[in-house]
Amino acid sequence: MSNSSFYADAPILHVNLNDKSIRREQIPRDLFEKYLGGRGLGVKLIYDNLAPGTDALSPDNLLIFAVGPSTATRVPTGGRFVVVTKSPTTGTIFDSHAGGYFGAQLRRAGFAAIVFHGKSDSPVYLWINNDDVEIRDASNIWGKDVYEATDALLEETDPKAQVACIGPAGENLGLMAAIMTDKHRAAGRGGVGAVMGSKHLKAVVAKGTGEVGSHDPERLNNAVEWSRRLIKKNAVTNNSLPIYGTPVLVSVANELGMLPTNNFQEGTFNDAEGVSGEKLLERFSAGTYNCHGCPIGCGRISQIDGKKMGGPEYESLWALGPQCGINDLEWITIANDRCNHLGLDTISTGSTIGAAMELVEKGKLDAPLKFGETEGVLEIIEDMAHMRGLGAEMSEGSKRLAERYGAPELAMQVKGLELPAYDPRGAQGHALGYATSNRGGCHLRSYLIGPEVLGSPVLVDRDRSDGKADLVMLYQDISAAMDCMVVCRFTNFAWPIDVYAEMISAGTGIELSGRDLLKVGERIYNLERLFNIREGITGKDDTLPPRFFKPLPEGNSRNRVVHLDEMLKEYYKLRGWDKDGKPTKDTLKKLDLPVS
Amino acid sequence: MDLTVEKLVKMIDHTLLKPEGTKVKVKQLCDEAITYDFVAICINSTHIEYAVELLKDTDVQVCVVVGFPLGASLSSVKAFETEESVKRGAHEIDMVMNVGALRDENFDLVQKDIEAVVAASGDAHVKVILETGLLTDDQKRKACLICKDAGADFVKTSTGFGPMGATPHDVRLMRETVGPKMGVKAAGGIRNFKDAWRVIEAGADRLGTSAGVAIVEDFRWAQYSDSWMAPDRPCWTCPSRMANMAKQPKEVYKWYKERCLTCPDKEHNVFND
């Protein structure tokens, strides 16, 4: 083990794949205090060290795996990791998160983060065995799918280790390539797997047996007990998610007319019951999956014809199902499993297939794809991972595909990232969150589905646009802050801000109030914004596809459109940004960020 | 409203009235009441002695329900249940009014029923549950006046087992009827801090809820945004919206629904919100 049981003392591992050199660097104290770790640490390192205009798939891009001060401590859900890089899909800075067990192993091996530089001339993987770090040849593993590669790497290293790897999609630089861990948990979005593939890095394998310390163990224990009690008292974290997993949302979204169907042309799926969480439980459930240190256990294990497979989770089930008009739950589960094997982001994969189906429907594309039909779709998925034929075009995502065929308005994306499983016309705040997300079409930067749909912590009127800028900013900032701890977003159903602040204070010795923690999140959000502006992404990109400014024809979100302009003005004002969405000098000074 | 966590916890009766409630759940209820310093726990009488033992040497009061949840038992049985409960350590009694008698306009029976419990309660406070979802507004007003005359300390909206829970409309009506000195307890369907805030603003000074922990914890969110407290659509909290023909007497159900026709906010009455 390294000599670093405290996160602040844990080194950042710099791995240069050009010359195969490895060095350790201490986290600068100032950086730790202002950015804490995880996403904040990664964003700061990328902002400071990546030259503007760097091609995301060039050797010059940096690929960072980071954990946080809560990782592998007693903090519930503290076993996750975050990947931060410049996305080849969006051109923005990008943080992509995964559960499983890898994060805890990396932290217990003694590290705070790994920064990959350069590009190896042949396929390699990184083997971290506590303090011993080694770049190993991966020639015999390159070409294997995620499951085969994971098994081979565990056999070659240690069966108790944990693997984060890419599949064929990442090797072939597909823009929806994920980094997979424990076979079916994904740092899915933004093409982070393609960045890994561009470096000829097949995998990172970590095994750690060290202890992870905290500044005030007794105080942290009290905070942990508090947090566990809240998880047990919350209906979402104690009932809905453990019993049905995230697919519980199928029925909820459909009832509100917000379940995007046939590429967001409708908000109600006639066969929603057949693809619901309840039906998944009845037909295919073979157990649940808990990530490291998680008392919730939202993960699904399904079984079809005697074969067990991970998932599907709500977003995956929607993308490969209602988004494509497909109602065959067995097929959806199998297609999801194929995406996991190939290392594909299921949201972008399914959403792009849905866009292709609409291109065909509108006569823009000639291909054997049709809403509601599964025939040929599994083959398309394989082609997307292996860059073959139409699959190669689709592997670039819906934005590039729809532009290529002369109908950019049919891509349901923001900043090049496919939108997830909630029609924004049904929830104004969530719509604003999509538009202003620093990483493009994402539901997790500000999950206003909590208050607008699920009533957590309280139900707010999903149709009102006033007051939503305030809530979006609040959720974006607390989400960024919890991503520094690198804990699961679902804790947010049960924990108020003060719980996170107490855990950070007890764990690190940096005394933070809830408001201090929000300021950390605000700092990160603004630094990401500065990065994106530096890359030429502006307020004009804070928008939504034109479809969302026309009403849905039927269902319980009918006759609604997104009132983006009025919310955006209010949002920029609250953020302290100018009319073009650029942080003002006063805002940057207030947040102790560089004023250029 | 000048509401703090400290004030809020002193309004909450932390409640467990489910028939399947076990000793483990009662223990959890009491532990939480001590941790959060709730004013009382509210339980079925079968758990009194266990709860009293768990809460000895604390300020948490033990409140026990009587004639629960129907209110249709004999007055002598309610009185006996009250006397036994107080003897075993109950500090507060939440009795269910004889709702059928009130609807029969047998007001004398209703009053005597309450008086019997008040007489048997000793020093314990008596709250009378009206089960507002079974009554029209005129019947609620009449019930409040009877409770006051009978010497009860509180009027309370609902059992949580009836057709609807506490609504700001009912709490406001009850407060206006009983005046400022008598207690008004809102109970049933209070699941988050905004539900709590609404009924407190309407005049409740006690809340019965099984979500006390979530209400207090989530109340911490309130300090971070004013948007939580933005006004809701009027129909969201209106008892007419919650009316249910399967659970209410036909004429009561019709009375609730007919209010919608003349409601000044009726343009908000859409069912896809």
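About the thresholds
- Residues numbered from 1 in each chain as written.
- Chains lettered and ligands numbered in written order.
- Predicted model: local features only at pLDDT ≥ 70, side-chain atom pairs only at ≥ 80, totals over all residues.
- Heavy atoms only, no water.
- Helix = DSSP H or I, 4+ residues; strand = E, 2+ residues; numbered from the N terminus.
- Rg over C-alpha atoms; globule rule 2.2 N^0.38 Å.
- Buried < 20%, exposed > 50% of the residue type's maximum accessible area, 1.4 Å probe, protein only.
- Contact = heavy atoms within 4.5 Å.
- Areas by Shrake-Rupley, 256 points an atom, 1.4 Å probe, with all protein chains shown as cover.
- Lys, Arg positive; Asp, Glu negative; His and termini not counted.
- Charge placed at Lys NZ, Arg CZ, Asp CG, Glu CD.
- Buried area = accessible area lost by both parts, 1.4 Å probe.
- Salt bridge = Lys/Arg side-chain N within 4 Å of Asp/Glu carboxyl O.
- Polar contact = N/O pair within 3.5 Å; in protein donor to acceptor, adjacent residues only side chain to side chain.
- Axes fitted to C-alpha atoms, helices over the stretch in contact; angles between N-to-C directions.
- Left-handed = near helix turned anticlockwise from the far one by under 90°.
- Nonpolar A, V, L, I, M, F, W, Y, C, P; charged D, E, K, R; others polar.
- Pairing = 2+ DSSP bridges.
- Core = buried A, V, L, I, M, F, W, Y, C linked by side-chain atoms within 4.5 Å.
- Arc of directions from axis to C-beta.
- pLDDT = per-residue confidence, 0-100.
- Phe/Tyr/Trp six-rings, centres within 6.5 Å; stacked < 30°, edge-to-face > 60°.

Engineer: Which residues make up the overall build of chain B, and what are the values?
Structural biologist: Across its full length, chain B carries twelve helices and eight strands. For a compact globule of 273 residues, the expected C-alpha radius of gyration is about 19 Å, and chain B comes in at 18 Å, within 12% of that figure. By its C-alpha atoms, chain B is 55 × 50 × 35 Å across when sized along the principal axes. Per-residue burial for chain B yields a buried fraction of 56% across its 273 residues. Expressed as a percentage of contacts within chain B between residues at least 6 apart in sequence, the contacts between residues at least 24 apart total 69%.

Engineer: Please provide a residue-by-residue account of the overall build of chain A, values included.
Structural biologist: The number of helices and strands found in chain A is 24 helices and 17 strands. Computed over the C-alpha atoms, the radius of gyration of chain A is 22 Å, within 12% of the 25 Å expected from 2.2 N^0.38 for a compact globule of 596 residues. The principal-axis extents of the C-alpha atoms in chain A amount to approximately 60 × 55 × 45 Å. A total of 596 residues make up chain A; the buried ones form 67% of that total. Taking contacts inside chain A between residues at least 6 apart in sequence as the whole, the part at least 24 apart equals 69%. About 18,900 Å² of surface is accessible on chain A, with carbon and sulfur atoms providing 46% of the total. Seen as two clouds, the 66 positive and the 77 negative side-chain charges of chain A have centres 4 Å apart.

Engineer: I'd love a proper account of the interface of chain B and chain A, names of residues and values included.
Structural biologist: At the junction of the two partners, chain B supplies 26 residues and chain A supplies 29 residues. Buried surface at the junction of chain B and chain A, summed over both partners, amounts to about 2,500 Å²; 55% is from carbon and sulfur atoms. In this structure, the connection of chain B to chain A is made through three salt bridges. In this structure, the salt-bridge partner of B:Arg233 is A:Asp463, at a minimum N-O distance of 2.5 Å.

Engineer: An account of the side chain of A:Ser58 is requested, with residue identities and associated values reported.
Structural biologist: All names here are of chain A. Checked against the element boundaries, serine 58 lands in the loop between helix 2 (38-49) and strand 3 (63-66). Residue serine 58 is classed as buried on the basis of its relative accessible area of 13%. A distance of 2.8 Å separates the side chain of serine 58 from the backbone oxygen of aspartate 55, its partner in a polar contact.

Engineer: Let's hear about the packing of helix 2 (residues 23-36) of chain B against helix 3 (residues 48-55) of chain B: which residues, and what values?
Structural biologist: Residues and elements named next belong to chain B. Two numbers describe how helix 2 lies on helix 3: the axes approach to 10 Å, and their chain directions differ by 35°. Crossing hand, helix 2 versus helix 3: right-handed. Contacts between helix 2 and helix 3 pair Lys23, Val26, Lys27, Cys30 and Ile34 from the former with Tyr50, Ala51, Leu54 and Leu55 from the latter. For the contact of helix 2 with helix 3, the residue count by class is seven nonpolar, no polar and two charged.

Engineer: An account of the pattern of salt bridges is requested, with residue identities and associated values reported.
Structural biologist: Counted by the stated rule, this structure contains 68 salt bridges over all chains. Note that A:Lys307 is salt-bridged to A:Asp337, the shortest N-O span being 3.0 Å. Of this pair, A:Lys307 sits in strand 15 (residues 307-310) while A:Asp337 sits in helix 12 (residues 329-342); the two residues are 30 residues apart in sequence, bridging distant segments of the chain. When its relative accessible area of 41% is taken as the criterion, A:Lys307 is described as partly exposed. On the basis of relative accessible area, A:Asp337 is assigned to the buried category, the value being 3%. The partner of B:Asp94 in a salt bridge is B:Lys156, and the shortest N-O contact between them spans 2.7 Å. Of this pair, B:Asp94 sits in strand 4 (residues 92-96) while B:Lys156 sits in strand 6 (residues 154-156), placing them 62 residues apart in sequence. Take B:Asp94 and B:Lys156: they sit in the same class, and that class is buried.

Engineer: Give a description of helix 4 (residues 146-156) of chain A that names residues and reports values.
Structural biologist: All names here are of chain A. Every buried residue of helix 4 is accounted for by Val146, Tyr147, Ala149, Thr150, Ala152, Leu153 and Leu154. Buried positions along helix 4 lie against strand 7 (124-129), strand 9 (162-165), strand 10 (179-181), strand 12 (201-207), strand 15 and helix 12. Looking at where helix 4 begins, the residue whose side-chain oxygen comes 2.9 Å from the main-chain nitrogen of tyrosine 147 is aspartate 145.

Engineer: Break down the sheet that holds strand 1 (residues 12-16) of chain B for me, with residues and values.
Structural biologist: Strands pair in a sheet through their backbones, by hydrogen bonds, and they do so in one of two ways: parallel or antiparallel. Residues and elements named next belong to chain B. As summarised here, the arrangement of the eight strands in space is 1-2-3-4-5-6-7-8, forming a closed barrel in which the pairing is parallel. Strand after strand, the sheet turns through a mean of 25° between neighbouring axes, direction not considered. Of the strand pairs in this sheet, strand 2 (residues 40-43) and strand 3 (residues 61-66) are connected by four bridges, and their pairing is parallel. The residue bridging isoleucine 41 from the neighbouring strand is valine 62, located in strand 3. In the packing of helix 3 onto the sheet, contacts are made with strand 2 and strand 3, and the angle to strand 2 comes to roughly 165°.

Engineer: Which residues make up the environment of B:Thr58, and what values go with them?
Structural biologist: All names here are of chain B. Looking at where threonine 58 falls in the secondary structure, it is placed in the loop between helix 3 and strand 3. In sequence terms threonine 58 and aspartate 265 are 207 residues apart; their C-alpha atoms lie 47 Å from each other. Of the polar contacts made by the side chain of threonine 58, one reaches the backbone nitrogen of valine 60; its length is 3.2 Å.

Engineer: Talk me through the sheet that holds strand 9 of chain A; I want residue IDs and the actual numbers.
Structural biologist: All names here are of chain A. Spatial ordering of the open sheet is given by 8-7-12-9-10-11, a layout of six strands whose pairing is mixed. One side of each edge strand has no neighbouring strand; the edge strands of this open sheet are strand 8 (132-137) and strand 11 (185-187). For this sheet the average axis-to-axis angle between neighbouring strands, irrespective of direction, equals 20°.

Engineer: Go over the pairing of strand 3 of chain A with me, naming the residues and quoting the values.
Structural biologist: Residues and elements named next belong to chain A. Alternating residues of strand 3 divide into Leu63 and Phe65 and Ile64 and Ala66, and every residue in both groups is buried. Sheet topology note: the strand 3/strand 4 (residues 81-86) ladder contains four bridges and is antiparallel. Opposite leucine 63, over in strand 4, you have threonine 85 as the bridge partner. As paired elements, strand 3 and strand 6 (residues 113-117) share four bridges and run antiparallel to each other. Each residue of the ladder has a partner; that of isoleucine 64, found in strand 6, is valine 115.

Engineer: Give a detailed account of the nonpolar core, specifying residues and quantitative values.
Structural biologist: Side chains of a nonpolar character, in soluble globular proteins, are inclined to be buried together. Ranked by size, the top nonpolar core spans 252 residues in total, and within it A:Phe65, A:Ile114, A:Phe116, A:Ile128, A:Val204, B:Ile41 and B:Leu207 carry the most contacts. A per-element tally of this core places helix 19 (residues 468-485) of chain A first, with twelve residues. Once residues lying within four places of it in the same chain are set aside, the contact partners of B:Ile41 are B:His14, B:Leu29, B:Cys30, B:Ala33, B:Ala51, B:Leu55, B:Val60, B:Gln61, B:Val62 and B:Cys63. Formed by 17 residues, the second largest nonpolar core is a distinct cluster that contains A:Ala138, A:Ala152, A:Ala161 and A:Val163.

Engineer: Just give me the short version of helix 3 of chain B, but keep the residues and values in it.
Structural biologist: Residues and elements named next belong to chain B. Every buried residue of helix 3 is accounted for by Ile48, Ala51 and Leu55. On an axial view of helix 3, the arc spanned by its buried residues comes to 70°, and they lie on one face. Those residues of helix 3 hidden inside the fold are in contact with helix 2, strand 2, strand 3 and helix 4 (75-87).

Engineer: Before we move on, could you go through the confidence of the model for chain B and cite the residues and values that matter?
Structural biologist: Mean pLDDT over chain B stands at 95; residues scoring 70 or higher make up 99%. For this predicted complex, the interface score ipTM comes out at 0.87, while the overall pTM is 0.94.

Engineer: Mind laying out the packing of aromatic side chains, listing which residues take part and the relevant values?
Structural biologist: Residue and element names in this part refer to chain A. Per the counting criterion, the structure on display carries 23 aromatic pairs over all chains. Between the aromatic rings of phenylalanine 81 and phenylalanine 102, the centroid separation amounts to 4.9 Å while the plane-to-plane angle is 65°, which identifies the pairing as edge-to-face. Of this pair, phenylalanine 81 sits in strand 4 while phenylalanine 102 sits in helix 3 (residues 102-108); the two residues are 21 residues apart in sequence, bridging distant segments of the chain. Phenylalanine 102 carries the same exposure label as phenylalanine 81, and that label is buried. Taking the centre distance of 6.1 Å and the plane angle of 85° together, the rings of tyrosine 447 and phenylalanine 493 count as edge-to-face. Of the two residues, tyrosine 447 sits in the loop between helix 17 (428-436) and helix 18 (449-454) while phenylalanine 493 sits in helix 20 (residues 491-494), which places them 46 residues apart along the sequence. Considered together, tyrosine 447 and phenylalanine 493 belong to a single accessibility category, that of buried residues.

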